[in-house]
Amino acid sequence: MGTTFYKYQGTGNDFVMIDNRLLQFDKTDAQHIAFLCDRRFGIGADGLILLENHTEYDFKMVYYNADGHESSMCGNGGRCIVAFARQLEIISNKATFEAIDGLHHAIIENDTVKLQMQNVSTIENHKSHLFLDTGSPHHVTLVEDLKSLNVKTEGSKIRYSNLYGKAGSNINFVKKISPDTFAVRTYERGVEDETLSCGTGVTAVALAMHYIGETEKNLINLEVEGGKLQVGFDITDSNYENIWLIGPANMVFKGVVS
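The following refers to the structure shown. (Residues numbered from 1 in each chain as written. Predicted model: local features only at pLDDT ≥ 70, side-chain atom pairs only at ≥ 80, totals over all residues. Heavy atoms only, no water.)

**Thoughts on the overall build of the protein**
Let me state the cut-off plainly: Put simply, DSSP marks the helices as runs of H or I at least four residues long and the strands as runs of E at least two long, and each gets a number from the N terminus on. Taken over C-alpha atoms, the radius of gyration is set against a globule rule of 2.2 Å times the number of residues to the power 0.38. Throughout, exposure labels follow a simple rule: accessible area from a 1.4 Å probe, protein chains only, divided by the maximum for the residue type, with under 20% read as buried, over 50% as exposed, and the rest as partly exposed. Two residues form a contact once any of their heavy atoms are found within 4.5 Å. Methods summary: accessible areas were calculated by the Shrake-Rupley approach with a probe of 1.4 Å, and residue burial reflects only the protein chains presented.
Of regular secondary structure, the protein possesses 4 helices and 17 strands. In terms of C-alpha radius of gyration, the protein reaches 17 Å, essentially the compact-globule figure of 18 Å for 258 residues. Viewed in the frame of its principal axes, the protein has a C-alpha envelope of about 55 × 35 × 30 Å. Expressed as a percentage of the 258 residues in the protein, the buried residues total 53%. Partitioning the intrachain contacts of the protein with sequence separation of at least 6 by distance along the chain shows that 61% fall at a separation of at least 24. Here the protein displays about 11900 Å² of accessible surface, and carbon together with sulfur accounts for 45% of that area.

**Looking at the nonpolar core**
Selection criterion: Take the buried residues of types Ala, Val, Leu, Ile, Met, Phe, Trp, Tyr and Cys, join any two whose side-chain atoms come within 4.5 Å, and each joined set is a nonpolar core.
The biggest cluster of nonpolar side chains holds 52 residues, and the ones touching the most others in it are Met17, Met61, Ile81, Val82, Val140 and Leu222. Sorting elements by how many residues they give to this core places helix H4 (residues 199–211) first, with 7 residues. Not counting residues up to four positions away in its chain, the partners in contact with Val82 are Phe59, Ile91, Ala95, Phe97, Ala106, Ile108 and Val113. Grouped together as the second largest cluster of nonpolar side chains are 15 residues, Phe5, Val16, Phe25 and Ile43 included.

**Considering H4**
Heads up, the rule is: Expected helix span is taken as 1.5 Å per residue step, with the number of steps being one fewer than the number of residues.
Counted at 1.5 Å a residue, the expected span for H4 with its 13 residues is 18 Å, and the 18 Å between its end C-alpha atoms agrees. Counting buried residues along H4, 12 of its 13 residues qualify, which places the element largely inside the surrounding structure. The positive-phi residue at the C-terminal boundary of H4 is Gly213, with phi of around 85°.

**Some points on the packing of aromatic side chains**
Selection rule: Working definition: a ring pair exists when centres of Phe, Tyr or Trp rings (six-membered ring for Trp) sit within 6.5 Å. Plane angles under 30 degrees give stacked, over 60 give edge-to-face, the rest tilted.
For the coordinates displayed, the defined rule picks out 7 aromatic pairs. Both rings, one in Phe15 and one in Tyr63, keep their centres 6.2 Å apart while their planes meet at 70°; by these two values the pair is edge-to-face. Of this pair, Phe15 sits in strand E2 (residues 13–19) while Tyr63 sits in strand E4 (residues 59–65), and the two are 48 residues apart along the sequence. With respect to burial, Phe15 and Tyr63 carry one shared label: buried. What links up through ring pairs into an aromatic cluster is the set Tyr6, Tyr8 and Phe84.

Structure, rendered in structure tokens:
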């Protein structure tokens, strides 16, 4: 028998989604997970997400990078699993679920999924970059020529540098477009390449740009290679709270893989 899967994408960040409420998927087989994510020999995706039952909340999210290993929080993946849960009729237009970084709330309005992220209390401001954790670690740096930047090459250099050691970090390159709009390109660890969008990445960029005074707004527009996202937040005693990642999440196709 094959495994039924669903392909979802959120601004070009794409995922293999599997309903694992019966716990039939082998989560220990990293090689098989990497195969499913392979764009030439498998289905093709930036990551694989399992939807599982939860004793208290609507469901549990288990996320794997394209390299086959379980990873930290994925914002666009979180939005996509909410859309998936609605398709499975687990939820209607609201969800509460657990991910690796804790509890998340979400709201669906048409094809837009709003995902509440974890609060952020610490942002490191270095001369050349900022660093913060929005469920996943993110390096944020402003650049002048974002369009022609070789994100894979430059991102890899920083990801594997002594700054972050073996664990590495996701690397975001940012260009300011207007007082409330920033263009972002992201190198994702685990994918080890540029992705068309990164939800925790644009969340990190929005907070970082506000932190250093590049914007005074608390609803930020983020232009990524795969579309447009928004991040809204409140500031309380130098902490960023009530953080919401907002954007589209859509099913691409359904299939069966052996």
